[in-house]
Amino acid sequence: MALGKNYDGQDCSLAKALEVIGERWTLLVVRDAMYGVRRYGDFLAHLDIPRAVLSQRLGALVEAGILERRRYQDSPPRDEYVLTPVGRELWLPMLALAQWGERNLGGNGPRRLFHHVACGGPLDQVGFCVACGVHPPLEDIEVRPGPGLEDTRDDQVSVALRSPHRMLRPIP
């Protein structure tokens with residue numbers, strides 16, 4: 001029997017969320033948008049995702065209101081993809097999943113560390129700053145390379161993320 005493609009008949013909020021963000025690659029696209037990736041070519045290079053899959057995922061995320069498509073060039077027409085407030089709400093679930101992966105599937109320590117920009121303190125497992133106790137918004141968080149990062153990739157996003165980078169700030 002073939003596996004169904006959706007969760008029809010499931011009266012469950014988690015099932016409804018998985019309809020939107022549960023496809024392979026989708027959370028990685030959202031993660032990269034949080035890092036500041038905005039352009040199709042940068043998503044493509046950093047994720048090594050097939051073009052057709054990336055196009056479909058970006059379209060679905062725009063349709064769901066998680067990303068907003070914005071025109072940055074008219075000739076030829078080019079769009080960028082920016083997280084909406086709805087998309088930003090995925091920060092804490094993304095952080096929890098990443099930390100779960102580090103604890104249970106990781107190797108040499110965390111690959112990425114998250115710090116509160118205002119005081120420099122690290123974030124705990126639920127997104128609070130250990131130093132000052134605030135729960136900073138995504139734009140006030142800096143991602144830094146962690147001890148487990150073994151990235152030798154040379155795409156623009158990977159290179160930029162080898163140094164501290166403020167979340168949501170566009171990667172040049």
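About the cut-offs
Residues numbered from 1 in each chain as written. Predicted model: local features only at pLDDT ≥ 70, side-chain atom pairs only at ≥ 80, totals over all residues. Heavy atoms only, no water. Buried < 20%, exposed > 50% of the residue type's maximum accessible area, 1.4 Å probe, protein only. Helix = DSSP H or I, 4+ residues; strand = E, 2+ residues; numbered from the N terminus. Pairing = 2+ DSSP bridges.

**Some points on the pairing of strand E3 (residues 112-116)**
Okay, step 1: Burial analysis of E3 places 4 of its 5 residues in the buried class, which makes it a mostly covered element.
Okay, step 2: Sheet topology note: the E3/strand E4 (residues 141-145) ladder contains 5 bridges and is antiparallel. The residue bridging Phe114 from the neighbouring strand is Val143, located in E4.

**With respect to the sheet that holds strand E5 (residues 165-166)**
Okay, step 1: The sheet built from 3 strands is open, its strands ordered E3-E4-E5 with antiparallel pairing. The open sheet has two edge strands, E3 and E5, and neither has a second partner.

**Thoughts on unusual backbone geometry**
Okay, step 1: In this model, Ser75 is joined to Pro76 through a cis peptide bond whose omega is -5°.
Okay, step 2: Counting through the fold element by element, Pro76 comes out in the loop between strand E1 (67-73) and strand E2 (78-83).
Okay, step 3: A positive phi angle is found at Asp48, which is not glycine, with a value near 55°.
Okay, step 4: Structurally, Asp48 is set in the loop between helix H3 (40-47) and helix H4 (51-63).
Okay, step 5: Here Leu168, not a glycine, exhibits a phi torsion of approximately 75°, which is positive.
Okay, step 6: Positionally, Leu168 belongs in the segment after E5.

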